[in-house]
Structure formats: structure tokens, C-alpha cells
Amino acid sequence: MKFVSTRGQTEPHSFSEAVRIGLAPDKGLFVPEELPDLGQEMLSWQGKTYPELCYEFFKHFATDIPSDELKALVETAYSRFDHPDHAPLVKLSDKLYVLELFHGPTLAFKDFALQLLGCLYERQVAQSGQGINVLGATSGDTGAAAINGLLGKKGVNIFILYPDGRVSPLQERQMTCLEEENVFPLAIKGSFDDAQAALKEVFGDKDFSREVHLSAVNSINLARILAQCVYYIYAWLKLPAESRDRATFVVPTGNFGNVLAGWLASRMGMVVDGFRVATNQNDILHRFFSAGDYSLGAVQPSHAPSMDIQVASNFERFLYFSLGGNAEMTREIMEGFKKDGAFQVGGMAITEFMTSSRMDDAEIAETITRVYKEFGYVSDPHTACGFKDIDHLEPAIVLSTAHPAKFPDVVEACTGISPTHASLEALKAKDVQKYSVEPTEQAIKAFIRNHQA
Ligand SMILES: *Cc1c(COP(=O)(O)O)cnc(C)c1O
């Protein structure tokens, strides 16, 4: 299997190359050259463990990794989850399920992708003999998941910039209390935007990038999307067989990565009724799916901060496949969007298959309370967005993207319950280890040079 760019001006790459490069040289995103039809085969995966199913799926894509190696890699990637099912499907009623995706090391669904990506990076370093330095900026969740994915990996160092004093104490502990020598949390004086601006400058220096073998953490890596297809199929196979084709997956959405993965699984043969894109008040995707309007607004902070996003980078992959793999048209639309901050897709078939919803902060709070009263289920603010207007969906599977203990204040205010998790409690006993760095290109480069893998 080869991988091509959504913008059509990049040579086809192998799986490992596409994963290593991340963003395609023509600024497009890597996608499989063709989507395999796995409909029949999927049915035979029922009863497999999570890592087994993941292997069965990936062997269609990671065709340049020998099977025994791939099998071992997947086993390692999912060895740090705290639930035997990895992604348990919890039944709240006859027509409502929650798919819990928060049983990984940082208690958020990003672990599914980043634990695997970390193992893929480590394999690459072992093969090439060349170390990698991974650099990213975070306003919270992604940084912790990325750091945990690379924790202790040989030949890989990770540098994460975050605004000092502006992430929650819990989030900071998840990044800074890890006691591993390859992890460098860089607390900068300034805002998240300052961190991002400095990061862009560092990546903009191609000579530096080559010198230290710099790599980005971001949500556009092909391996992340593929890793996320797996839990949809896993959950789908656990539904009663007669309700599978009626099911709707409801996905709390920011960057569009998560829901895109489900949609791709459906294009590969997982037959469902549809998908629901659930946004918070940052609703660019809701406006698109309800009115065909994709135009930028300003980001407004919300109770569900990991969905406070206006540009949904993975949307480009959706566009590409919706346009029947037309790279030229995808390129034109994306370049137009960069210029104008908006586009209208009149002729594109936006079917009932992908619907959307939006929830503001007041509704998020009401929903956490209601779901607790009605089902005795404690949900985090991101997951809560998924419970909007879903009564007519039978069955609905709401994806739970984070453990409630990650957002204890809102959850306690709404339910009276103070959610905890042993792994977060354990962090409180550890020392914070962080490095203070000025948010300038020079300071960050100097730090990386001195601490590179
Ligand atoms: C990242 C994140 C999301 C949004 O996922 P996308 O793939 O960006 O759509 C939702 N909830 C939580 C808790 C997250 O960390």
C-alpha cells in the first residue's frame, strides 16, 4: 500500500516514510492511495482483543513492516491502558452507548494514536540509527499525550512548549512529573500564541531542522488517523449484530481527526447509519454541516478546551475523499481558504450521513448534570457535547474523549461528585521538572541543540 497527498503533487510514499514525514511536501496530507474494502473481513474480527484487531487492520496499510514486528509493536503500544477492553463500550440504555476512550496513560482518546506513533518513531530510529527531536506547543492535552507516547523511547527526545501558569495544574503535572530523561517540558513566559509563533519560526529554519532532525507533533500524521479507525470497528463489532447498520457514532470534535477516522472506517466497509459531529461554541464544523458555510471565527475559550479550535486541519482529508479523490480541486479549495478564510461548497454532496450539533457552556453544564441524574453516568465536558439532540438516534454511540477527573471543577459543580483517578493522584506526589525558556527562536534553538537526542 502506498500513500499519496491530498494535493496531488507528491510522489507516492510507503507507510513508514509517510509517517516519518508527517506533512506532505506539497503541504497536503497523506492518505491511502485507495481504501481497501474490509467489510467481509471485519466480521471475522469479532471477539479479538484490541491489539489483535489493531494488527489485523494495520497489516493492510503498514505493508512495509514485517508482520511479526508489527504485531509486537501494536502489543507494546497498547500495553499501558488500564482497562482489559482498552476501549470499553458502556451501555446506558437500549439505544444509548458510551465508548470510553480514556483508559490510556493520559486519560484522553489521543493516547490511542500517540502511544502507537511513539512506537513507530522508535522503530524508525532503531532502523536508521539517527536520533529524532520532536518539538510541539500545547495549551494542554495534546502535549501530555505526545510526551507519554514518547516516554523513555530510545533515540527520541521530546520538547513541548507551553505557557507557564496558563495550563491547569493537573495538565502541567501530566507533562512535568514523568521522571524520564528524554522529556523536556519548556515553560515559556507568554501565551499559547507566543509559544506557537516561536515554534513556527524554529520549524521555518530548514537548516536547523535538518541539523537536529526535528519532527513535529501534530494531529495530521497519517498513523494517528489510522490508529483511530480501530476503536470504531472494535465498538461496532460489540453492538448487537442487528443494530450495527442503524448505529450513529456521535463524536465530540475539534480538529476533525477523530470523526474522520470513523468515517474512513465506514468507507472501508463498517456499515452504519451515520456520524454526528458534535462541537462546542467553536462551531465552524457545525456551520459547515448544517449550512455549507466554512468560515473562520475567533476562538472562544470553553468548558471543553480541547475542542477550542477554528481551523480543523483534518477536514482536508474529508474534502479529498468527498470529492472522489480529486486532488486538484482539493488544492484549489484549500488555497482559496488560506487566502479568504472561508469557502462555500455548493455542489458537494453533504448527505444526512454526517450531521452536526453545537453546545455552549451553559448547555455543557446542564448536560453533565442531566446525564448523571438520568443514567448515573459522570461525563467530562467534551463528552457532554455528544449528548445533544440524540434521542432519535437508535442506537447512538457517544464517544467519551476524556476522563472526568481531568476536569474536576466543572464536573463537581454539576454532579456534586469529585472525580478522581489513581494515576492523577500519583502525579501529585512527584516533583515538577520543567525548564524556563524565553519564547524566542534563538532561545528555543539553543535549548534543543544542548539537549538533542
Ligand atoms: C483532542 C480532543 C478532542 C477533539 O478531537 P479532534 O480529533 O481534534 O476532533 C475532543 N476531546 C478531547 C478530550 C480531546 O483531547
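Definitions and limits used
- Residues numbered from 1 in each chain as written.
- Predicted model: local features only at pLDDT ≥ 70, side-chain atom pairs only at ≥ 80, totals over all residues.
- Heavy atoms only, no water.
- Buried < 20%, exposed > 50% of the residue type's maximum accessible area, 1.4 Å probe, protein only.
- Helix = DSSP H or I, 4+ residues; strand = E, 2+ residues; numbered from the N terminus.
- Contact = heavy atoms within 4.5 Å.
- Disulfide = S-S within 2.5 Å.
- Pairing = 2+ DSSP bridges.
- Axes fitted to C-alpha atoms, helices over the stretch in contact; angles between N-to-C directions.
- Core = buried A, V, L, I, M, F, W, Y, C linked by side-chain atoms within 4.5 Å.
- Right-handed = clockwise from strand over helix to strand, strands pointing away.
- Phe/Tyr/Trp six-rings, centres within 6.5 Å; stacked < 30°, edge-to-face > 60°.
- Lys NZ or Arg CZ within 6 Å of the ring centre and 35° of its normal.
- Near = heavy atom within 4 Å.
- Polar contact = N/O pair within 3.5 Å; in protein donor to acceptor, adjacent residues only side chain to side chain.
- Areas by Shrake-Rupley, 256 points an atom, 1.4 Å probe, with all protein chains shown as cover.
- Nonpolar A, V, L, I, M, F, W, Y, C, P; charged D, E, K, R; others polar.
- Salt bridge = Lys/Arg side-chain N within 4 Å of Asp/Glu carboxyl O.

J.: Could you clarify how one ought to interpret helix α6 (residues 141-150) in this entry?
T.: Note: α-helices contain 3.6 residues per turn, so residues at a spacing of three or four share the same orientation. Burial analysis of α6 places nine of its ten residues in the buried class, the great majority of the element. Within the span of α6, buried status applies to Asp141, Gly143, Ala144, Ala145, Ala146, Ile147, Asn148, Gly149 and Leu150. Where α6 is buried, its residues touch α5 (110-128), β5 (132-137), β6 (156-163), α7 (169-176) and β7 (183-188). Count one or two residues on from α6 and you reach Gly152, which has phi positive near 70°.

J.: What's the story with the state of the cysteines in this structure? I'm lost.
T.: Scanning the entire structure with this criterion turns up zero disulfides. You can see Cys229 has no disulfide; the closest cysteine sulfur is in Cys54, sitting 10 Å from it. We classify Cys229 as buried; its relative accessible area is 0%. Summary of cysteine pairing: Cys414 is not part of a disulfide, and the nearest cysteine sulfur, belonging to Cys385, is at 12 Å.

J.: Hey, could you run me through the sheet that holds β6 in this one?
T.: Adjacent strands of a sheet form backbone hydrogen bonds with each other and so pair up, either parallel or antiparallel. In space, the five strands of this open sheet follow the order β8-β5-β6-β7-β15, with parallel pairing throughout. In the strand order of this sheet, the two ends are held by β8 (214-216) and β15 (435-437), each with one partner. Strand-to-strand, the axes of this sheet are offset by a mean angle of 30°, without reference to chain direction. The sheet contact formed by β5 and β8 spans three bridges and is parallel. Residue Asn133 lies in a different strand from β8, and its bridge partner there is Leu214. Here α7 sits on the sheet and contacts β6 and β7; the angle it forms with β6, its principal contact strand, is near 160°. Those strands touched by helix α8 (residues 192-204) are β5, β6, β7 and β8, and its axis lies near 145° from that of β5.

J.: Explain the nonpolar core here, please?
T.: What tends to happen in soluble globular proteins is that the nonpolar side chains get buried as a cluster. Phe15, Phe57, Phe58, Phe249, Phe256 and Phe315 are the most contacted members of the largest nonpolar core, which totals 110 residues. Among the elements that line this core, the one with the most residues is helix α10 (residues 222-238), at 14 residues. Discounting chain neighbours no more than four positions away, the residues touching Phe58 are Phe15, Leu70, Leu116, Ala223, Leu226, Ala227 and Val230. Among the nonpolar cores identified, the runner-up in size contains 22 residues, and Met307, Val371, Ala384 and Leu393 belong to it.

J.: Looking at this model, I keep getting lost on the sheet that holds strand β4 (residues 96-100). Mind explaining?
T.: If you trace the six strands from one edge of the open sheet to the other, you get β3-β4-β14-β9-β10-β13, paired in mixed fashion. Either end of the sheet is taken by a strand with one partner, and the two such strands are β3 (89-93) and β13 (354-358). Recorded for the sheet is a direction-independent mean angle of 25° between the axes of neighbouring strands. Pairing of β4 with strand β14 (residues 396-400), which is carried by five bridges, proceeds in the parallel orientation. Residue pairing for β14: Glu100 is matched across the bridge by Ser400. The strands that α10 touches are β3, β4, β9 (248-252), β10 (274-279) and β14; relative to β9, the one it contacts most, it runs at about 140°.

J.: Help me out: how do you make sense of the pairing of β10 in this one?
T.: Working note: regular strand, side chains alternate between the two faces of the sheet. Within β10, six of the six residues are buried, which leaves the element mostly enclosed by the surrounding structure. The pairing of β9 with β10 spans five bridges and is classified as parallel. Looking across to β10, one finds that Thr248 is bridged to Gly274. Crossover β9 to β10 through helix α11 (residues 257-267) is right-handed. Bridging between β10 and β13 involves five bridges; their strand directions are parallel. Bridged to Val277 within β13 is Ser356.

J.: In this structure, what is going on with the packing of aromatic side chains? I would like to understand it.
T.: Remark: the centre distance and the inter-plane angle together describe each pair of aromatic rings, the angle taken between the planes. Counted according to the given criterion, the structure contains 34 aromatic pairs. For the ring pair Tyr50 and Tyr234, a centre distance of 5.0 Å and an interplane angle of 80° mean the geometry is edge-to-face. Within this pair, whereas Tyr50 is found in helix α3 (residues 50-58), its partner Tyr234 is found in helix α10, the two being separated by 184 residues in sequence. For the pair Tyr50 and Tyr234, one class covers both residues: buried. Over the face of the ring belonging to Trp236 we find Arg244, whose NZ or CZ atom lies 5.4 Å from the ring centre.

J.: Is there a simple way to think about the environment of Val31 in this case?
T.: The topology assignment puts Val31 in strand β2 (residues 30-32). Separated by 13 residues in sequence, Val31 and Ala18 place their C-alpha atoms 9.0 Å apart. Residues within four places of Val31 in sequence aside, it is in contact with Lys2, Phe3, Val4, Thr6, Leu222, Arg317, Tyr320 and Phe321.

J.: So what exactly am I meant to see when it comes to the site of the ligand here?
T.: Around the ligand, the structure places 15 residues, and the nearest of them are Lys110, Gly254, Asn255, Asn258 and Thr401. Lys110 places a polar side-chain atom, nitrogen or oxygen, 2.5 Å from an oxygen atom of the ligand. Contact with the protein chains covers 96% of the free accessible surface of the ligand, which is 380 Å². In terms of residue class, the shell around the ligand is made up of five nonpolar, eight polar and two charged.

J.: Help me understand the pattern of salt bridges in this model?
T.: Where side chains of opposite charge bring their charged atoms close, a pairing between them can arise. Tallied over the full model, the rule gives 18 salt bridges. With a closest N to O distance of 2.8 Å, Glu56 and Lys59 form a salt bridge. With a relative accessible area of 15%, Glu56 lands in the buried category. According to the relative accessible area criterion, Lys59 is partly exposed, its value standing at 35%. Between Asp207 and Arg210 there is a salt bridge, and its shortest N-O distance comes to 3.2 Å.

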